[in-house]
Amino acid sequence: MPTCSAGTFRKAPLANNSQYDRDAFRADDRDHVELRVDGVAMVRLLGPQDRLLKTIEKQYPRVEVLVRGNEITLDGDAGQVRAAVRLVEELVTMVRADQELGQHEVNEFSVTESAKILASDPRVSPAELLSQAILTSRGKSIRPKTLGQKNYVDAIDENTIVFGIGPAGTGKTYLAMAKAVQALQRKEVSRIILTRPAVEAGERLGYLPGTLTDKIDPYLRPLYDALNEMMDPEIVPKLLAAGTIEVAPLAYMRGRTLNDSFIVLDEAQNTTPEQMKMFLTRLGHGSKMVVTGDVTQVDLPAGASGLQLVTRVLDGIDEIHFARLTSEDVVRHSLVGRIVDAYTKFDAERQAQRFERHGDRESGQAAEDVNRAARRGREPQDHQAPRTPTKRWGR
């Protein structure tokens, strides 16, 4: 195993497939570490135009990173140098694993998320955590890309009913469908049932032409798209025709018992409390349910969301898990996470203003009651008996 004079900058042993030559020394609170990376193309480790290298520098601004050939030199704050060395080692492990699978998964997002994982728990290996593929389709692996997504996927394995609640772009539905396809391929279930409420997103589409299937297909199109990405498009129609995969609106679930199935309810924030109760009670023997939704994007014309209510009704029940994803789990464009945070902040400020105005109105009403009572020469009463209407007698 390679050694270094600093000796203490990494407690965990190096991976067996890692080959580094280290020459490190410490001066006060500074470290200087030289790493030599063998068996890995540096362009895959550093990215096109050194994009991954720049991402590492953003994560550790007090570390100067220099690259010459296959040698990486890190110099700067001792704590950040130790963290950067650990991150580079994890990235090398990821690159080697992706080379064996013939994939290109290491990117700026991988670097950022790996740094977050190491910061939260240095004992966890991001390379091991984020390399566990759920499915491999057309040379592309579907895997959790954040710690929150990994916990969400693990919860699906360990519980009968899982609620995936979080903003857009966090992979709630996509990962749930990947787990459903995985369970079908492993013969853990005999069919997949995908459903969502047919609720318009703030628009009135009017009467749509065509058959009933033609009318509901626009609402279910995202589920079909995900299926075609995860399975051979030629096989999907056959499975749909045989009933092995069923895609239907939520209204079709009434009166059914779903045995030996993997059921996914998408856009659950648009269910009413009655619909949510109806859906959850369809659960049969040998089945698993995943309910996904974003409570900040409710399209119901009026009334409470069934997803918002169920978090209070079913909290604490065994085999039911609530997985809450955040903007840190967004895997779409980096702007999506910032958009989610901006709207969350705006909604919180608006809610605070509403409470403040409501409190002012209550204070004003209380002051008016006191003044009115003073004019009448008596103290205000919080609860007064209802006044009996005067009975008027006619002739």
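Residues numbered from 1 in each chain as written. Predicted model: local features only at pLDDT ≥ 70, side-chain atom pairs only at ≥ 80, totals over all residues. Heavy atoms only, no water.

Focus: the overall build of the chain
Going by this rule: Helical segments are the DSSP runs of H or I of at least four residues, strand segments are the runs of E of at least two, and each set is numbered from the N terminus. Whether a residue is buried, partly exposed or exposed follows from its accessible area with a 1.4 Å probe, protein chains only, as a fraction of its type maximum: under 20%, in between, or over 50%, in that order. Here, residues are in contact when the closest pair of their heavy atoms is within 4.5 Å. Surface accessibility follows the Shrake-Rupley procedure with a 1.4 Å probe radius. Residue values consider only the protein chains on display as shielding.
Of regular secondary structure, the chain possesses 12 helices and 12 strands. Here the chain holds 395 residues, and the buried ones make up 42% of them. Looking at the chain alone, contacts between residues at least 24 apart form 68% of all its contacts between residues at least 6 apart. For the chain, the computed accessible surface area is about 23000 Å², with 50% contributed by carbon and sulfur atoms.

Notes on the confidence of the model for the chain
Formally: Per-residue confidence from the predictor is reported as pLDDT, which spans 0 to 100.
Averaged over the chain, the pLDDT score is 78; the fraction of residues at 70 or greater is 76%. Scored below 50 in pLDDT, residues 1–27 shows 54 contacts in the model against residues more than four places distant or in partner chains. The model gives residues 378–386 a pLDDT under 50, and that stretch makes six contacts with residues more than four places away or in other chains.

Re the side chain of S287
Here is the rule we go by: In the analysis that follows, any N or O atom pair within 3.5 Å is treated as a polar contact, provided that within protein one partner can donate a hydrogen and the other can accept it, and provided that, for residues neighboring in sequence, both atoms belong to side chains.
Within the fold, S287 resides in the loop between α10 (273–280) and β11 (288–293). Judged by relative accessible area, S287 falls into the buried class, the value being 10%. Reaching out from S287, the side chain makes a polar contact with the backbone nitrogen of S261 at a distance of 3.0 Å. Not counting chain neighbours up to four residues away, the residues in contact with S287 comprise T160, L258, N259, D260, S261 and I263.

Examining the pattern of salt bridges
For the record, the criterion: The term salt bridge refers to a pairing of a side-chain nitrogen on Lys or Arg with a carboxyl oxygen on Asp or Glu at a separation within 4 Å.
What the rule picks out here adds up to 11 salt bridges. With a shortest N-O distance of 2.5 Å, R196 and D266 are connected by a salt bridge. With a gap of 70 residues between them, R196 in strand β8 (residues 191–196) and D266 in the loop between β10 (261–265) and α10 connect regions that are remote in the sequence. Its relative accessible area of 10% is what places R196 among the buried residues. For D266, a relative accessible area of 6% gives the class buried. Measuring nitrogen to oxygen at the nearest pair gives 4.0 Å for the salt bridge that ties R221 to D225.

Describing a nonpolar patch on the surface
What counts, and what does not: Residues enter patches when their relative accessible area tops 30% and they take part in no salt bridge; the joining distance is 9 Å for like charges and 5 Å for the nonpolar side chains Val, Leu, Ile, Met, Phe, Trp and Tyr.
Taken together, L335, I339 and Y343 make up a surface patch of nonpolar side chains, about 320 Å² in accessible area. Examined against the element boundaries, L335 turns out to sit in helix α12 (residues 334–376). Given a relative accessible area of 42%, L335 falls into the partly exposed group.

Observations regarding the packing of aromatic side chains
Here a ring pair, both rings aromatic, is described through the centre-centre distance and the interplanar angle of the planes. Condition: Aromatic rings from Phe, Tyr and Trp, taking only the six-membered ring of Trp, are treated as a pair when their centres fall within 6.5 Å; an angle between ring planes under 30 degrees marks them as stacked, one over 60 as edge-to-face, and anything in between as tilted.
Per the counting criterion, the structure on display carries one aromatic pair. Measuring from centroid to centroid gives 4.7 Å for F163 and F322, while their planes differ by 15 degrees, and the two rings are stacked. Placement of F163 in strand β7 (residues 161–165) and of F322 in strand β12 (residues 320–324) is noted, with a sequence separation of 159 residues between them. F163 gets classed as buried once you look at its relative accessible area, which sits at 0%. Overall, F322 belongs to the buried group, its relative accessible area being 11%.

Description of the side chain of T292
Among the secondary structure elements, T292 is positioned in strand β11. Residue classification places T292 among the buried positions, given a relative accessible area of 0%. Only 3.1 Å separates the side chain of T292 from the side chain of T173, close enough to count as a polar contact. Within the local environment of T292, its side chain forms a polar contact with the side chain of D266, the two groups lying 3.0 Å apart. Dropping the residues within four chain positions of it, T292 is found in contact with Y152, G164, K172, T173, A176, L265, D266, E267 and A268.

Quick look at the nonpolar core
Selection criterion: We define a nonpolar core as any set of buried Ala, Val, Leu, Ile, Met, Phe, Trp, Tyr and Cys residues linked to one another through side-chain atoms lying within 4.5 Å.
Counting 36 residues, the largest nonpolar core has Y152, L227 and M230 as its most contacted members. The set of elements that each furnish at least two residues to this core consists of α6 (147–158), α7 (172–185), β8, α8 (212–230), α9 (235–242), β9 (245–249) and β10. When residues in this core are grouped by element, the largest group, eight residues, is from α7. In this structure Y152 touches V162, G164, G171, K172, L175, A176, V290, T292, A323 and L325, once residues within four positions along its chain are discounted. Ranked by size, the runner-up nonpolar core spans 32 residues in total, among them V88, V106, V111 and L130.

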